[in-house]
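Structural description and commentary
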Amino acid sequence: MIRITDRKKCCGCEACAQMCPHGAIAMRHDTEGFAYPHIDPDACTDCGLCERICPEIAFDNPNAMPTAAYAAWATDDGIRMEGSSGGMFPVLARYVLDRGGTVCAAAFDKDMTLRHTISDERSALCAMTGSKYMQSSAGDCFLHIRQALHEGREVLFCGTPCQVAGVYNTVGRHPKLTTLDVACHGVASPKVFDTYRQWIRRTTGRSAVCTLFRDKRPNGWSDYRITNTLEDGSEYSAAPADDPFIRGYLANLYLRPSCHDCRFKTPRTADLTLADFWGVAKVCPEAYDERGVSLVLVNSRRGAELLEAIAGSLAILHETDVARAMRYNPALTRSVTPHRNRERFFREMTEETDFGKLTECLARQSLRQATSTALKSMIKKTLNISGTKH
Ligand SMILES: Cc1cc2nc3c(=O)[nH]c(=O)nc-3n(C[C@H](O)[C@H](O)[C@H](O)COP(=O)(O)OP(=O)(O)OC[C@H]3O[C@@H](n4cnc5c(N)ncnc54)[C@H](O)[C@@H]3O)c2cc1C
């Protein structure tokens, strides 16, 4: 029987809840808003399956370090602008769908709850495309993946590295299953996102019906904004530093505890890793473009084959040095440290608190952190290195 005694040791992939043959495990949200498995002792037979498939307990990763790295972006400008970086996910997803396959990725449902959904329709891709910086619930998608593979269909799964590990531990390695993981800063609490949406309603008088976390349209890729479409069609849009949700997210105020001790970063868990190529201006300036550049890491032969298959849909596929490309993206290799005010934030986040003021006050860096950030930025400017962003 799985017992969560240390919250850092549960990534919330939901593999255990989905696979329990006795239906003895339900995911329940804790006070921070993160889901953890809850065992019904009457239904549990102590068969041990949940422990065997939990990726935090054991994950057999055949990948070594990435074998190749590319700067890439989609030829179709519309597709590229929808993606957070160069639109690699929508290109890969279209390729798999066009071959009669099915795609599983994160999309908001009509209540703005983020869930992994599976579909064989192109019309589902729009909602799946784009980064959403909070935990996505896997629901029963691993079971659907298993079913699709059983029917002989190709499946493309895209998620965080821990979710990919959860997929492999439950479904196994299958010749028709291909996976993508994202370089992951960490996932925020869905409860905090709901509180942010309430804050928008209070400040604008209208509800947000759609959130674009990485809006490249106004100022380009590196100077992105977060844009919320409101119910009357108007928009609330802000730069990351001025938006309470992104401000707290980037300051590590409300990430899942396991994200601060992530064991799925190296080697990468998926066939291909997708990231923003933040160092592109320095590593391969010829591929730099403000409509977004993806960094693609090849982690397996299957990944290399898939990338080769979609090369015709990419305007740029520029091979570059793996180590140099990764150097500018700390999220690929290192977990972030929780903000010193993390616990205080969750204590003070109530219905009555002004979310904007709370994150503004608590996300402030300590003097030591601020000095170190200023120093790093000075060194980068001096060396003319484009900054590591999120
Ligand atoms: C939570 C999170 C943190 C990230 N942190 C970084 C970072 O620190 N540095 C960096 O370089 N890149 C980071 N990325 C990845 C980056 O933002 C782009 O998603 C990536 O470059 C792929 O972009 P794209 O244009 O190819 O396609 P996109 O369409 O933007 O690809 C996004 C894919 O991720 C899936 N996805 C979106 N949100 C979630 C979620 N919450 N959980 C699981 N899957 C999700 C989508 O369904 C889609 O398949 C992060 C992504 C996420 C989701």
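Residues numbered from 1 in each chain as written. Predicted model: local features only at pLDDT ≥ 70, side-chain atom pairs only at ≥ 80, totals over all residues. Heavy atoms only, no water.

**Quick look at the pattern of salt bridges**
Note the cut-off: Salt bridge, as applied in this entry: a Lys or Arg side-chain nitrogen positioned within 4 Å of an Asp or Glu carboxyl oxygen. Helix and strand definitions here come from DSSP, where helices need a minimum of 4 consecutive H or I residues and strands a minimum of 2 consecutive E residues; each element is numbered from the N-terminal end. Whether a residue is buried, partly exposed or exposed follows from its accessible area with a 1.4 Å probe, protein chains only, as a fraction of its type maximum: under 20%, in between, or over 50%, in that order.
Evaluated as defined, the whole model comprises 17 salt bridges. Of the charged contacts, one joins Arg291 and Asp77 as a salt bridge, the two residues approaching to 3.1 Å between their closest N and O atoms. Residue Arg291 is located in the loop between helix H10 (280-283) and strand S12 (294-298), and its partner Asp77 is located in helix H3 (residues 77-82); the two are separated by 214 residues in the primary sequence. Using a relative accessible area of 35% as the deciding quantity, one classes Arg291 as partly exposed. Of the residues examined, Asp77 reaches a relative accessible area of 34% and is grouped as partly exposed. Here Arg344 ties to Glu348 by a salt bridge, and the two come within 2.8 Å at their closest N and O atoms. Placement of both Arg344 and Glu348 in helix H13 (residues 342-348) is noted, with a separation of 4 residues, approximately one turn of the helix. Here Arg344 falls in the partly exposed class, since its relative accessible area comes to 33%. Taken together, the shared-partner salt bridges connect Asp77, Arg80, Asp289 and Arg291 into one network.

**Overview of the layout of surface pockets**
Put simply, the test is: Method remark: on a 1 Å grid restricted to protein atoms, a set of points is classed as a cavity if a 1.4 Å probe fits but cannot get out and as a pocket if it is open with protein on both sides within 12 Å along at least five of seven lines; lining residues have an atom within 4 Å of a point. Grid points are joined across faces, edges and corners, and a volume is the space filled by probe spheres set on the points. Note on residue categories: nonpolar means Ala, Val, Leu, Ile, Met, Phe, Trp, Tyr, Cys or Pro, charged means Asp, Glu, Lys or Arg, and polar means any other residue, Gly included. An automatic or database domain assignment supplies the start and end points of every domain.
By volume, the second largest pocket amounts to about 470 Å³. If you trace the second largest pocket, you find 26 residues lining it, with Cys126, Thr129, Cys210, Thr211 and Leu212 closest to the centre. Contributions of two or more residues to the lining of the second largest pocket are made by H3, strand S4 (102-108), helix H5 (125-128), strand S8 (208-215) and strand S9 (225-230). Of all the elements, S8 adds the most residues to the lining of the second largest pocket, at 7 residues. Of the residues assigned to the lining of the second largest pocket, the class counts are 10 nonpolar, 9 polar and 7 charged. Taken domain by domain, the makeup of the lining of the second largest pocket includes at least three residues from each of domain 2 (68-187 + 256-332) and domain 3 (190-254 + 337-367).

**Some remarks on the side chain of Thr269**
Quick reminder of the rule: Definition of a polar contact: a pair of N or O atoms within 3.5 Å, with one able to donate and the other able to accept a hydrogen when the atoms are protein atoms, and with sequence-neighbouring residues admitted only if both atoms are side-chain atoms. Residues are treated as being in contact if the distance between any of their heavy atoms lies within 4.5 Å.
Mapped onto the elements, Thr269 comes out in the loop between helix H9 (244-250) and strand S11 (272-276). A polar contact is formed between the side chain of Thr269 and the backbone oxygen of Pro161, at a distance of 3.1 Å. A distance of 3.2 Å separates a polar atom in the side chain of Thr269 from a polar atom in the side chain of Asp181. Not counting residues within four places of it along the chain, the set of residues in contact with Thr269 comprises Phe59, Asn61, Asn63, Pro161, Val164, Ala165, Tyr168, Thr179, Asp181 and Phe264.

**Let's talk about the environment of His185**
You can see His185 is positioned in the loop between strand S7 (177-182) and helix H8 (190-204). Spatially, the C-alpha atom of His185 lies 14 Å from that of Thr273, the residues being 88 residues apart in sequence. A polar atom in the side chain of His185 sits 3.4 Å from the backbone oxygen of Tyr249. In this structure the side chain of His185 is engaged in a polar contact, spanning 2.8 Å, whose partner is the side chain of Asn252.

**Some words on empty space enclosed by the protein**
In this structure the tally under the stated criterion is 4 cavities of 30 Å³ or more. Estimated volume of the largest cavity: approximately 160 Å³. Thr160, Cys162, Cys184, Cys259 and Cys262 are the residues nearest the centre of the largest cavity, which is lined by 17 residues in total. Residue composition of the lining of the largest cavity, by class: 8 nonpolar, 7 polar and 2 charged. In this model, the second largest cavity occupies a volume close to 110 Å³. Lining of the second largest cavity is provided by 15 residues; of these, Ile2, Cys10, Cys13, Cys16 and Cys54 occupy positions nearest its centre.

**Remarks on the site of the ligand**
What counts, and what does not: When at least one non-hydrogen atom of a residue lies within 4 Å of a molecule or strand, that residue is treated as near it. Residue burial considers only the protein chains on display, and all accessible areas are found by Shrake-Rupley using a 1.4 Å probe.
Neighbouring residues of the ligand: 39 residues in total, closest Gly130, Ser131, Lys132, Met134 and Asn329. Between Gly87 and the ligand, the recorded distance is 2.8 Å, taken from a backbone N or O atom to an oxygen atom. For the ligand, a nitrogen atom lies 2.7 Å from a polar atom in the backbone of Lys132. In isolation the ligand has 880 Å² of accessible area, and contact with the protein removes 100% of it. When contributions to the shell around the ligand are tallied by element, the ones reaching two or more residues are helix H4 (88-98), S4, strand S5 (114-119), strand S6 (155-159) and S11. Its residues assigned to classes, the shell around the ligand shows 18 nonpolar, 18 polar and 3 charged.

**Details of the nonpolar core**
Formally: Only buried Ala, Val, Leu, Ile, Met, Phe, Trp, Tyr and Cys residues count toward a nonpolar core, and they belong to the same one when joined by side-chain atoms within 4.5 Å.
With 38 residues, the main nonpolar core has Tyr196, Phe213, Phe245, Tyr254 and Phe345 as its most contacted residues. Of all elements in the fold, only S4, H8, S8, S9, strand S10 (235-238), H9, H13 and helix H14 (355-362) reach the threshold of two or more residues within this core. The leading source of residues in this core is H8, at 5 residues. For Tyr196, the residues in contact, after removing those within four places along its chain, are Ile226, Asn228, Tyr236, Asp243, Pro244, Phe245 and Phe355. Residues Ile79, Phe89, Ala107 and Met128 belong to the second largest nonpolar core, which totals 28 residues.

**Some details on the domain arrangement of the chain**
The line we're drawing: What counts as buried area is the accessible surface, traced by a 1.4 Å probe, that two parts surrender upon association, with contributions from both included.
The assigned domain composition of the chain is domain 1 (7-53), domain 2 (68-187 + 256-332) and domain 3 (190-254 + 337-367). In this structure, domain 1 and domain 3 have C-alpha centres spaced 30 Å apart. Domain 1 puts 4 residues into the contact, and the matching count from domain 3 is 5 residues. Regarding the contact of domain 1 and domain 3, the summed buried area is about 450 Å², with carbon and sulfur atoms giving 52% of it. On the domain 1 side of the interface with domain 3, the three residues burying the most area are Glu32, Gly33 and Phe34, jointly 82% of the side's total.

**Digging into the sheet that holds S4**
Inclusion rule: The pairing criterion is simple: DSSP has to find at least two bridges between the two strands. As a rule, the C-alpha atoms of each element are fitted with a line to give its axis, helices using only the stretch in contact, and angles between N-to-C directions run from 0 to 180 degrees.
Spatial strand order, S5-S4-S6-S7-S11-S12-S3-S13: 8 strands in an open sheet with mixed pairing. Two strands bound the open sheet, and with one partner strand each, they are S5 and strand S13 (314-320). In this sheet, adjacent strand axes meet at a mean angle of 25° when their direction is disregarded. Two elements, S4 and S6, share 3 bridges in a ladder whose sense is parallel. Bridge pairing in S6 links Thr102 to Val155.

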